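Summary of the model geometry
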Amino acid sequence: MAVKTKGVKRSADKIEKPSKKAKLPSPPSESEQESEESGESDISLSSEEDELDDLDIDDASKGQQGSSSEEEEDDLDDLDEDAKQDQDEDEEEFDEEDGVEKPVDPNKKSSAEQHAEQRKLLAERKLQRKSGVQVQQIKNLWEKLRVTKPTPPKEVRDKLCNEVWELSKDVINDLVLKHDASRIVQTLVKYSSKERRDKIVQSLKGNYYLLATSAYGKYLLIKLLHYGSKESRTLIIDELHGKLRKLMRHKEGAYVVEDLFVLYSTGEQRQQMIREFWGSEYAVFTDSGKGKTVLEVIKESSEKKQLIMANLYGTIKASVEKGSTGFQILHAAMREYISILVDDTEVNDSQIREFIDLLAEQFAELVHTSEGSEVACNLIALANAKERKIIIRSLKNHTNELIKNEYGNTVLITLFMTVDDTVLLHKSFSAEIFTNELLPGLIQDKFSRRPMLYLLKGLDGKYFSPIVKKTILKYEELAYKKTSKKPQEIKRTELATKAIPLIYKAILSTTNSEDPEKTLEKLLSNNMAAQFITELILTSADVEEVNNNLRPELINAIFERTVQGDVLEDYHLLNKAPYISRLLKALIQGNEFKWDNEAKKLISTDSEKINGTGSEFAERIADEVLDNNKLKSWTSGQPAFVLVSVAEVLQLAESPKFQEIQKALKKNKKHLSEDDKGAKLLLELI
């Protein structure tokens, strides 16, 4: 006898939205709120102020109908799941004995009818909520207010703002935590007057911690900080005081604290915020520790030192584990902690090892702020050889961003100065960035060229300010107390010997480049790049390939583009680029001669001569000018100054070419105008 088995009903799996993981150190803009609400796994964040003004311009332009359906989307999710479950049950019920689906119930409603009922039910539910009627009226006005294509006239916008405010002022606390209603208040804040913004701030007093920890309320809080007055910001900061450590450990609140610290706080308020990380005493009493550094406070008693260190490390560790390593306020707290560790490295050795272990894999998150860069450089100096390898590995994939950053380039220089393993450094950094694709762009930038200038010239005062130089030398001193052993000059020479051939080849690759932005003419026309190329040529290198091939080839390429040709033409580099004459004068003087500011004249030096530069380069220019009857063209403007430098060098070098230039100038004396500064200097040489 066959046994009949009933079909099994299987409910539709509920769709779980993936959690959002905070990845970057600034809050999401308002245009990203919808993507966050729909469950994207990553949040794209930016700290730029104009992003605060982005209120879904594209959606707003589509009109009221499209926007309304979008705002109902979240509320429809649950109802859609019920409909889907019913549909799946109908499709999946079957008679196993016959293998035939059961006939469809003729009374079963169609999908369209079910959705119509769902929308009707949703509308009824919304009206039954607290302040539901007012919210619906306000949303209808908001749809008109937020339109940007076309932008409503100011008087129309003001009228809409007034109507929205009249409806919302008594129920504002019911609006701010809902995703669509919160955006209504944000728009109101954006377009209202200062007085009305202050009223909104006052009406929300007591709720700012709740806003900061709300997935939707945080956007309104950031809007209030952005558009609010100084008094409003102070009120918000004072209310959040004492809760910052807790907020830093909160997924939503951490972004608010970061914006508060970076964009909207005064210097004194920032110090107050940082003191809160010291412990409960400083979180409760705003004046506790005011005017003192953390080192001054911990020296008052050993108990305070242990308590402050424990509180700082606890907050830092919890925030790092939450994914907030890139936040500037956290970097400021780290700087407080590292200053305590550096104050006595022997006593704090175990804490140093623990701190490096916590951050070694996330070093790339530190280097984009001044506070984070300081922390990174100190940790590199304090790290042992094994820990430095881990740090280098974590930074290796971010080298291009590291060297370009205003603060990151200091971290790279610190690595060059402290790590003894120069082979590892070269493979990890020099070989990665000194390439044909990257280097032409790097030498044109003030910050990215610094690590390369360090390899060529050391901490030369021409390129490193006294403050920067003093800071970097402090890291070097700390490193040689702990781990570093190899002498500094040997270390730099080894790195430079490996890097210089790569730099030459990358620059020479521009001589036949098809990219107009990566030609040698483009580099020579840029002040930063021209200065770097000059230093490169005038740096001696004990590398046969450089001395015999690469340097002469680069000098020839420069000579062809800056000396040869008709210097009277506008397109000639001597007329087109104001820095070319300076570059040529540097190559003419080479390392043989230098200008004495006190004596106001050119003098000889004892420095090592670089082949192809100095008097040799001067004679080459003299031949080009004299043999091709170009002297007249070189007696005015920028070419005249170059010719003056040529004559001065040849005179000091006692070259017979100097007499040839003198004779030629005497023959062309009538063409030398005293009104031209360069020509006037040439007259003095006759």
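Since the model is a prediction, treat every value here as computed from it, not as a measurement. (Residues numbered from 1 in each chain as written. Predicted model: local features only at pLDDT ≥ 70, side-chain atom pairs only at ≥ 80, totals over all residues. Heavy atoms only, no water.)

1. Some remarks on the overall build of the chain
To keep things clear, this is the line we draw: Where helices and strands are cited, they refer to DSSP runs of H or I of at least four residues and of E of at least two residues respectively, numbered from the N terminus. Think of it in three bands: with a 1.4 Å probe and only protein chains considered, a residue is buried below 20% of the maximum accessible area for its type, exposed above 50%, and partly exposed in between. Note on contacts: a residue pair qualifies if any of its non-hydrogen atoms lie within 4.5 Å across the two residues. In this description, accessible areas are obtained by the Shrake-Rupley approach with a 1.4 Å probe, and a residue is regarded as covered only by the protein chains that are shown.
Looking only at helices and strands, the chain has 39 helices and four strands in total. Scored against the burial criterion, the 686 residues of the chain give a buried share of 49%. Across the chain, every contact between residues at least 6 apart in sequence was considered, and the portion connecting residues at least 24 apart equals 69%. By element, 47% of the accessible surface of the chain is carried by carbon and sulfur atoms, the whole surface being about 33,600 Å².

2. As for the UniProt feature "repeat: Pumilio" (unreviewed entry) in the chain
Formally: UniProt positions are given in the numbering used here, feature names are shortened, and annotations may be inferred rather than shown by experiment.
When the UniProt feature table is mapped onto this chain numbering, "repeat: Pumilio" (unreviewed entry) sits at residues 166–202, 203–238 and 239–275. Along residues 166–202, the helical share is 78% and the strand share 0%, with 16 Å between the first and last C-alpha atoms.

3. Some remarks on a positive patch on the surface
For clarity, the cut-off: Patch membership requires more than 30% relative accessible area and the absence of a salt bridge. Residues of like charge join within 9 Å; the nonpolar side chains Val, Leu, Ile, Met, Phe, Trp and Tyr join within 5 Å. The salt bridge criterion pairs a side-chain nitrogen of Lys or Arg with a carboxyl oxygen of Asp or Glu, the two atoms within 4 Å. Only four residue types enter the charge count, namely Lys and Arg as positive and Asp and Glu as negative; His and the chain termini do not. A charge is said to be at NZ when it belongs to Lys, at CZ for Arg, at CG for Asp and at CD for Glu.
On the surface, Lys 663, Lys 666, Lys 667 and Lys 669 cluster together into a patch of positive charge. Within the secondary structure layout, Lys 667 lies in helix H38 (residues 657–667). The exposure class assigned to Lys 667 is exposed, which follows from its relative accessible area of 70%.

4. Focus on the pattern of salt bridges
Counted by the stated rule, this structure contains 27 salt bridges. Asp 349 is paired through a salt bridge with Lys 482; the nearest N and O atoms lie 3.4 Å apart. Placement of Asp 349 in helix H21 (residues 349–359) and of Lys 482 in helix H29 (residues 466–482) is noted, with a sequence separation of 133 residues between them. One salt bridge connects Lys 522 with Glu 517, and the closest N-O pair in it is separated by 3.5 Å. Among the charged side chains, a salt-bridge network with shared partners connects Asp 349, Arg 353, Glu 387 and Lys 482.

5. A word on the pairing of strand E4 (residues 601–604)
We count it as follows: A pair of strands is labelled paired if DSSP reports no fewer than 2 bridges between them.
Here strand E3 (residues 593–596) pairs with E4 via four bridges, running antiparallel. For Trp 595, the partnering residue across the bridge sits in E4 and is Leu 602.

6. With respect to helix H26 (residues 422–433)
To keep things clear, this is the line we draw: Every helix has an expected span of 1.5 Å times one less than the residues it contains.
Between the first and last C-alpha of H26 there are 16 Å, a value that for 12 residues agrees with the 16 Å anticipated at 1.5 Å per step. Of all the residues in H26, the buried ones are Thr 422, Leu 425, His 426, Ser 428, Phe 429, Ser 430 and Ile 433.

7. Regarding the packing of helix H15 (residues 253–263) against helix H16 (residues 267–275)
For the record, the criterion: Only the stretch in contact is used when fitting a helix axis, every axis being a line fitted to C-alpha atoms; angles between N-to-C directions are given from 0 to 180 degrees. Residue type decides the class: Asp, Glu, Lys and Arg count as charged, Ala, Val, Leu, Ile, Met, Phe, Trp, Tyr, Cys and Pro as nonpolar, and the leftover types, Gly among them, as polar.
Orientation of H15 relative to H16, taken along the N-to-C sense of each, is 140 degrees, at an axis distance of 9 Å. In this structure, H15 uses Val 257, Leu 260, Phe 261 and Val 262 to contact H16, whose residues at the interface are Arg 270, Met 273 and Ile 274. Of the residues in the contact of H15 with H16, the class split is six nonpolar, no polar and one charged.

8. Focus on unusual backbone geometry
In this chain, Lys 149 is followed by Pro 150 through a cis amide linkage whose omega measures -5 degrees. Its location among the elements puts Pro 150 in the loop between helix H6 (132–145) and helix H7 (154–168). Here Lys 600, not a glycine, exhibits a phi torsion of approximately 55 degrees, which is positive. Even without glycine at this site, Glu 654 takes up a positive phi of about 55 degrees. Position of Glu 654 relative to the elements: it lies in the loop between helix H37 (637–652) and H38.

9. Some words on the nonpolar core
Selection criterion: Throughout, nonpolar core names a set of buried Ala, Val, Leu, Ile, Met, Phe, Trp, Tyr and Cys residues whose side chains join them through atoms within 4.5 Å.
In terms of nonpolar packing, the biggest core is built from 179 residues, with Tyr 208, Phe 355, Ile 507, Ile 533 and Ile 621 touching the most fellow members. The contact partners of Phe 355, leaving out residues within four places of it in the chain, are Tyr 313, Ile 316, Met 334, Tyr 337, Ile 338, Leu 341, Val 375 and Leu 379.

10. A closer look at the side chain of Glu 476
How we decide: Polar contact is defined as a pair of N or O atoms within 3.5 Å, subject to the rule that within protein one atom must be able to donate a hydrogen and the other to accept it, and that residues adjacent in sequence are counted only when both atoms are side-chain atoms.
Of note, Glu 476 is situated in helix H29. Within the structure, the side chain of Glu 476 is placed 2.9 Å from the side chain of Gln 488, a separation counted as a polar contact. Residue contacts for Glu 476: discarding those within four places in its chain leaves Met 417 and Gln 488.

11. What about the confidence of the model for the chain?
Caution applies to low-pLDDT regions: their predicted coordinates should not be interpreted in detail. Inclusion rule: The pLDDT score gives, residue by residue, the confidence of the prediction method on a 0 to 100 scale.
Looking at the chain, pLDDT values average 82 and 82% of them are 70 or higher. Note that residues 1–32 has pLDDT below 50 and, in this model, 69 contacts with residues that lie over four places away or in other chains. pLDDT under 50 marks residues 34–99. Its contacts with residues more than four places away, or in other chains, come to 128 contacts.

12. Looking at the packing of aromatic side chains
The condition that has to hold: For this analysis, a ring pair means two rings from Phe, Tyr or Trp (six-membered ring only for Trp) whose centres lie within 6.5 Å, classed as stacked if their planes differ by under 30 degrees, edge-to-face if by over 60, and tilted for the remaining angles. Look at NZ for Lys and CZ for Arg. If either is within 6 Å of the ring centre and within 35 degrees of the ring normal, a charge sits over the ring.
Overall, the coordinates contain six aromatic pairs when judged by the stated rule. Centre to centre, the rings of Tyr 313 and Tyr 337 are 5.7 Å apart; their planes meet at 35 degrees, and the pair counts as tilted. Placement of the pair is Tyr 313 in helix H19 (residues 302–321) and Tyr 337 in helix H20 (residues 328–343), with a sequence separation of 24 residues. Site record: aromatic cluster; members linked through ring pairs are Tyr 313, Tyr 337 and Phe 355. Across from the ring centre of Trp 142, 4.5 Å away, lies the NZ or CZ of Arg 146, which sits over that ring. Between Arg 620 and the ring centre of Phe 559, over which it is positioned, the NZ or CZ distance is 4.2 Å.

13. Description of the environment of Glu 195
Position of Glu 195 relative to the elements: it lies in helix H10 (residues 194–203). For Glu 195 and Gly 228, which are 33 residues apart along the polypeptide, the C-alpha to C-alpha distance reads 9.7 Å.

14. Brief notes about the packing of helix H25 (residues 408–418) against H29
Convention followed: If you view the pair so one helix is near and one far, a crossing is left-handed when the near helix is turned anticlockwise from the far one by less than a right angle, and right-handed when it is turned clockwise.
Interaxial distance between H25 and H29 falls to 10 Å at its minimum, and their mutual angle equals 35 degrees. Two packed elements cross with a definite hand, and for H25 against H29 that hand is right-handed. Between H25, through Thr 410, Ile 413, Thr 414, Met 417 and Thr 418, and H29, the contact on the second element is made entirely by Ile 472, Leu 473, Tyr 475, Glu 476, Ala 479 and Tyr 480. When its residues are assigned to classes, the contact of H25 with H29 shows seven nonpolar, three polar and one charged.

15. Looking at the environment of Met 273
Tracing the backbone through its elements, the reader meets Met 273 in helix H16. Take Met 273: its relative accessible area is 1%, and that puts it in the buried class. In the structure, Met 273 is positioned 30 residues away from Lys 243 in sequence and 9.9 Å away in space, judged by C-alpha atoms.

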